[in-house]
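Each chain, letter by letter, is given below.
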Amino acid sequence: MEPKGIYDILSKTFGSKIKQFLENTFPPTIIVESSAIVDVCKFLKNEEGLNFTSLMCLSGVDLKDQGKMAVVYHLFSITHRHKIALKVEVDRNEPHVPTVEGVWATANWYEREAYDLFGIIFDGHSDLRRILMPDDWEGYPMRKDYVYPKKYHTWDV
Amino acid sequence: MVNVDERFMEVSMGPQHPSTHGVLRLLVRTDGEVLTAARPYIGYLHRALEKIAERVTYPQFTPFTDRLDYLASMNCNLAYAMTVEKLLNIEIPRRAQIIRVIMAELNRISSHLIAFGSFSSDMGAFTPFLFGIREREFINDLFEMTCGSRLTYNYIRIGGVSKDLPEGFIDKAKEFLDYFPGKLKEYNELLSYNAIFIKRLANIAVITPEDALDYGVTGPNLRASGIKWDLRREEPYLIYNELDFDIPIGRGEMGTVGDAWDRYMMRIYEMEQSTKIVKQCLDMLAPGDYTAKVPKVLKPPAGEVYVRAENPRGELGFYLISDGSTKPYRLKIRAPSFANLSILPKLAKGVMIADLIAIIGSLDIILPEIDR
């Protein structure tokens, strides 16, 4: 299905929770309210004719100038061969997004990574620990205003 | 070693362990010889490549992509170049496209040779590893004469490739392609259909198609589960739509569809297909430009793209956000091994300790691209 068609179906079902359709990105992006993301994902996965079987990628993005933190979901359907991106934008100081781990199991690790590097909290996540950085690392390195530490324990960084 | 309870024992396997294919630590909980849980700890090779990407210009990041999956650097270069080209919207000359396919497929063979070799040595057979390395030398020689390097090539650049094929490349490549299929037969006789090898792998760690999709497993591991999905065929890039090749899938020849043997065998089948592809490409080569005209200072227009390519280990994707400056605003690397490894805790539950090695080997993960 064409991305525009997917957007229309979502708008019809979820109303104002679906905020915007960005046509010029590749694949086109639908901006979704964070509170609705789990329902939207479940709908996209299970609805006949959409069947988004896979979460290709989940990325955190720091939109510092807008005071926001974004999570981008790249979805793809192996049965219908269409793809779409979803974007959730939340307040940068309190970045809370519900987890989609229950929809695609692969989200577990991707969300841990976004938490580790951006400090985005995925509410309801079963195992939200750091994944790439050491457990006792301070701060979230991929944030745009991150300041590198001079020392980690006794070592110079 | 921690005693959790009288019955169980928690043991760290790795980070330094010959069969973990890099620096991977698994915390395994054992009940005698049986695993009750295995928990991967990654990040030992974390070099913050995504952060580095925000500090260097677009062309400067190409050599860093070499260090993602260092056994398939050409493929990583290629995926990154395609991502930036998608933003720039430039046309790649036909000769450059053909050269790219040749390099990508040769690198696929060399990567699968290591997968084949290291897997066999994990399983206790050392000789096949040496065989794999021996054949890989040919490909390394070909790469060396093309770009001067034998491991991290930095050859496929934004816009095309860094230099044209050297004199004598085609003859040498043809020589290799004539020689190689015989060796594949030898591998099969030596290892693939070896009774002990089959006994150890058949019906072990079966990944069902549903699980494979759920966990984002891609590449040969996905196809071993019986799903015919290959980006080269389904979302053809470069000149793949003009080429004649098969997409092998797991058929459960020795046991169940999607077991460790199927995953192993996918690599052998794919090497056959890649040989076929390179052969066709060599015949298609016609004189022409090896790179498009790309400005010295690259400033892609503001935008967002997610581009993916079929790497030897699965789908390598780059999510790139450009703000119109000379450096990426954000570059997320979707590494195939990262998702492929995430299924391990599920597979490892209830298997014997020795089978854990078979699972890791059959998934053919590589740590630098997991940790990035």
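Up top is the structure these notes are about.
What comes next concerns the included structure. Owing to the predicted nature of the structure, the values given are computational and were not obtained by experimental measurement.

Rules and cut-offs
- Residues numbered from 1 in each chain as written.
- Chains lettered and ligands numbered in written order.
- Predicted model: local features only at pLDDT ≥ 70, side-chain atom pairs only at ≥ 80, totals over all residues.
- Heavy atoms only, no water.
- Helix = DSSP H or I, 4+ residues; strand = E, 2+ residues; numbered from the N terminus.
- Buried < 20%, exposed > 50% of the residue type's maximum accessible area, 1.4 Å probe, protein only.
- Lys, Arg positive; Asp, Glu negative; His and termini not counted.
- Salt bridge = Lys/Arg side-chain N within 4 Å of Asp/Glu carboxyl O.
- Polar contact = N/O pair within 3.5 Å; in protein donor to acceptor, adjacent residues only side chain to side chain.
- Contact = heavy atoms within 4.5 Å.
- Buried area = accessible area lost by both parts, 1.4 Å probe.
- Core = buried A, V, L, I, M, F, W, Y, C linked by side-chain atoms within 4.5 Å.
- Phe/Tyr/Trp six-rings, centres within 6.5 Å; stacked < 30°, edge-to-face > 60°.
- Pairing = 2+ DSSP bridges.
- Axes fitted to C-alpha atoms, helices over the stretch in contact; angles between N-to-C directions.

## Comments concerning the side chain of Glu 369 of chain B
Residue and element names in this part refer to chain B.
- Along the chain, Glu 369 turns up in helix α15 (residues 367–371).
- The buried charged residue Glu 369 lacks any salt bridge, with Arg 313 as its nearest oppositely charged partner at 5.2 Å.
- Polar contacts involving the side chain of Glu 369 include one to the side chain of Ser 337, which spans 2.6 Å.
- Filtering out sequence-adjacent residues up to four positions away, Glu 369 remains in contact with Leu 68, Asp 69, Arg 313, Ala 335, Pro 336 and Ser 337.

## Description of the interface of chain A and chain B
- Taken together, the contacts link 43 residues of chain A with 38 residues of chain B.
- Summing both partners gives a buried area of about 3500 Å² for chain A against chain B, and 57% of it is carried by carbon and sulfur.
- Considering only the surface of chain A that becomes buried against chain B, Phe 26, Trp 109 and Leu 132 of chain A emerge as the three largest contributors, covering 20% of it.
- Connecting chain A to chain B are seven salt bridges.
- For Lys 144 of chain A, the salt bridge is made with Glu 54 of chain B, and the minimal N-O distance between the two is 3.2 Å.

## Things to note about the nonpolar core
- Within the largest apolar cluster, 177 residues are counted, with the highest numbers of intra-cluster contacts made by Ile 30, Ile 37, Leu 58, Tyr 73, Leu 86 and Val 100 of chain A together with Tyr 155 of chain B.
- With 12 residues, helix α11 (residues 260–284) of chain B is the single largest residue contributor to this core.
- Sequence-distant contacts of Leu 86 of chain A, defined by excluding residues within four places in its chain, comprise Thr 29, Ile 30, Val 32, Ile 37, Val 40, Cys 41, Leu 44, Val 71, Val 72, Tyr 73 and Leu 75 of chain A.

## A word on the packing of aromatic side chains
- Under the counting rule described, the total for this entry stands at 25 aromatic pairs over all chains.
- Between Trp 109 of chain A and Phe 338 of chain B, the ring centres sit 5.4 Å apart and the planes meet at 70 degrees, which makes this aromatic pair edge-to-face. Taken together, the positions of Trp 109 of chain A in helix α3 (residues 107–118) and Phe 338 of chain B in helix α12 (residues 336–342) put the pair across two chains. For the pair Trp 109 of chain A and Phe 338 of chain B, one class covers both residues: buried.

## Side note on the pattern of salt bridges
- Tallying each qualifying case throughout the model produces 44 salt bridges over all chains.
- A salt bridge links Asp 62 of chain A to Arg 92 of chain A, with the nearest nitrogen and oxygen atoms 2.7 Å apart. Linking Asp 62 of chain A in strand β3 (residues 54–63) with Arg 92 of chain A in the loop between β5 (83–91) and β6 (96–98), this pair joins segments that are 30 residues apart in sequence.
- With a shortest N-O distance of 3.3 Å, Lys 183 of chain B and Glu 186 of chain B are connected by a salt bridge. Here Glu 186 of chain B and Lys 183 of chain B lie together in helix α6 (residues 169–192), a separation of three residues that amounts to about one turn.
- For Glu 186 of chain B, a relative accessible area of 27% puts it in the partly exposed group.
- Each of Glu 105, Arg 108, Arg 223, Asp 230, Arg 232, Glu 270 and Glu 310 of chain B takes part in one network of salt bridges that share partners.

## What to know about the sheet that holds strand β7 (residues 303–311) of chain B
Residues and elements named next belong to chain B.
- Read across the open sheet, the three strands follow the order β7-β8-β9; overall the sheet is antiparallel. Sheet topology places β7 and β9 (328–334) at the edges, where each strand pairs with a single neighbour. Sheet twist, expressed as the average angle between the axes of neighbouring strands with direction ignored, equals 15 degrees.
- Contacts from helix α2 (residues 58–66) reach β8 (314–322) and β9 within the one sheet, and its direction differs from that of β8 by about 155 degrees.

## A look at the pairing of strand β1 (residues 18–22) of chain A
Residue and element names in this part refer to chain A.
- Pairing of β1 with strand β2 (residues 29–32) involves four bridges; the strand directions are antiparallel. Looking at β2, one finds that Gln 20 is bridged to Ile 31.
- Joining the antiparallel neighbours β1 and β2 is a turn of six residues.

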